[in-house]
Amino acid sequence: MSLVVQTRRRCAELANFLEGVCEAPLDFTSEHPLDHSRFNHVHLWALEYWADRHGWIDLGYRVDFVEAILTRWTQRLRGYRPYQEQGYRLYLYADLAPTVSVVAETPHGCPYSGNLTFVERTVDVLRPYANRSWADNFTDDPYALGPDRILDAVARHAGSISHATARSLGVSRGRLRSMIDVFDLGEEVNAIRKRNRRRPAAFRDVPLNDRNVAVHERLLAPGYR
């Protein structure tokens, strides 16, 4: 029985999220893997959101959740052009929520810089999340700045993601853009902007920097079986 089916019996919303990540479109058209990661990374915020509400989402389930995504991506990546000649690099790294990413192999190698700690197992990235709450990322109501509220605010401000929109949510403009990325709302926000005749905004910045980041890397050789 697939993890999607098992999860649907307990939490349909999380099952839908998992299925969406597994089947998300991937893009390798750029020559640089950092661009691949911008297109092909997903913050697993819903996993942590629902972990606050369901005790069965433990460390073992988190490992299975990530493995289901990486396994499905490994299957699907055979249908993309880099499969035959380049191969891929799959990643799980620590951020506000655990984050999965895939890039094509290029002369640049690993796309990330900063203070990275490479670990052999996904569990080594995921273990800290099992000991803290998603709500701890927020200073007031832990679920106040959720996806629906962000989209409502952007819609009320005619697609603007300016200081005025951020202030209406009680956050800074930088925090607003960060949360749009964390909740993977870029497409929805740009759809609102298009309806209001605004130019699309660039999101999906890869958030690795000088902080210490745990990274699990998985290499797939060209033509892998």
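Up top is the structure these notes are about.
K.L.:
For this particular structure, what's the right way to read the nonpolar core?
P.N.:
If you look at soluble globular proteins, the nonpolar side chains tend to sit buried side by side. The biggest cluster of nonpolar side chains holds 62 residues, and the ones touching the most others in it are Leu44, Phe65, Val100 and Ile150. With residues up to four places along the chain from it excluded, the contact list for Leu44 reads Phe17, Val21, Phe65, Val66, Ile69, Ala97, Pro98 and Val100. Counting residues in each nonpolar core, the second largest holds 7 residues, with Tyr91, Tyr112, Leu116 and Val215 among its members.

K.L.:
Where do I start with the pattern of salt bridges in this structure?
P.N.:
Close approach of charged atoms lets side chains of opposite charge pair. On inspection of all chains with the given rule, the structure shows 10 salt bridges. The closest approach of N and O atoms between Arg89 and Glu217, which form a salt bridge, is 2.6 Å. Separated by 128 residues along the polypeptide, Arg89 in strand S2 (residues 88–93) and Glu217 in strand S5 (residues 212–220) bring together distant segments of the chain. Linking Asp124 and Arg121 is a salt bridge whose minimum nitrogen-to-oxygen distance equals 3.1 Å.

K.L.:
Explain the packing of helix H2 (residues 12–22) against helix H5 (residues 59–76) to me, please; I cannot follow it from the model alone.
P.N.:
The description of two helices packed together rests on the angle between their axes and the distance between the axes. In contact at an axis separation of 9 Å, H2 and H5 are set at 35° when each is read in the N-to-C sense. Contacts between H2 and H5 involve Leu14, Phe17, Leu18, Val21 and Cys22 on the former and, on the latter, Tyr61, Phe65, Ala68, Ile69, Arg72, Trp73 and Arg76. Its residues assigned to classes, the contact of H2 with H5 shows 10 nonpolar, no polar and 2 charged.

K.L.:
I would appreciate a short explanation of the side chain of Ser160 in the present structure.
P.N.:
You can see Ser160 is positioned in the loop between helix H8 (147–156) and helix H9 (163–168). Excluding anything up to four places from it in sequence, Ser160 contacts Val154, Thr165, Arg193 and Arg198.

K.L.:
Explain the packing of H8 against helix H11 (residues 186–195) to me, please; I cannot follow it from the model alone.
P.N.:
The contact between H8 and H11 brings their axes to 10 Å, and the two run at 15°. Regarding the angle of H8 to H11, the classification is roughly parallel. The crossing of H8 and H11 is right-handed. Contacts between H8 and H11 involve Leu151, Val154 and Ala155 from the former and Glu188, Val189 and Ile192 from the latter. Taken together, the residues that form the contact of H8 with H11 break down as 5 nonpolar, no polar and 1 charged.

K.L.:
Any chance you could explain the environment of His36 here in plain terms?
P.N.:
Tracing the backbone through its elements, the reader meets His36 in helix H3 (residues 33–39). Taking relative accessible area as the criterion, His36 reaches 1% and is therefore assigned buried. Along the chain, His36 and Leu47 lie 11 residues apart, while their C-alpha atoms are 23 Å from each other. Setting aside anything within four residues of it in sequence, one finds His36 in contact with Asp27, Phe28, Ser30, Val102, Val103, Ala104 and Thr106. From its side chain, His36 meets the backbone nitrogen of Ala104 in a polar contact 3.1 Å long.

K.L.:
Which parts of the structure should I look at to understand the layout of surface pockets?
P.N.:
Empty space left among the atoms is revealed by rolling a probe the size of a water molecule over them. Its boundaries defined by the atoms lining it, the second largest pocket holds a volume of some 320 Å³. Grouping the constituent residues of the lining of the second largest pocket by class yields 6 nonpolar, 6 polar and 4 charged.

Rules used in this analysis
- Residues numbered from 1 in each chain as written.
- Predicted model: local features only at pLDDT ≥ 70, side-chain atom pairs only at ≥ 80, totals over all residues.
- Heavy atoms only, no water.
- Core = buried A, V, L, I, M, F, W, Y, C linked by side-chain atoms within 4.5 Å.
- Buried < 20%, exposed > 50% of the residue type's maximum accessible area, 1.4 Å probe, protein only.
- Contact = heavy atoms within 4.5 Å.
- Salt bridge = Lys/Arg side-chain N within 4 Å of Asp/Glu carboxyl O.
- Helix = DSSP H or I, 4+ residues; strand = E, 2+ residues; numbered from the N terminus.
- Axes fitted to C-alpha atoms, helices over the stretch in contact; angles between N-to-C directions.
- Nonpolar A, V, L, I, M, F, W, Y, C, P; charged D, E, K, R; others polar.
- Parallel < 35°, antiparallel > 145°, perpendicular 65-115°, else oblique.
- Left-handed = near helix turned anticlockwise from the far one by under 90°.
- Polar contact = N/O pair within 3.5 Å; in protein donor to acceptor, adjacent residues only side chain to side chain.
- 1 Å grid on protein atoms, 1.4 Å probe; cavity = no way out; pocket = protein on both sides within 12 Å on 5 of 7 lines; lining within 4 Å.
- Points joined across faces, edges and corners; volume = space filled by probe spheres on them.

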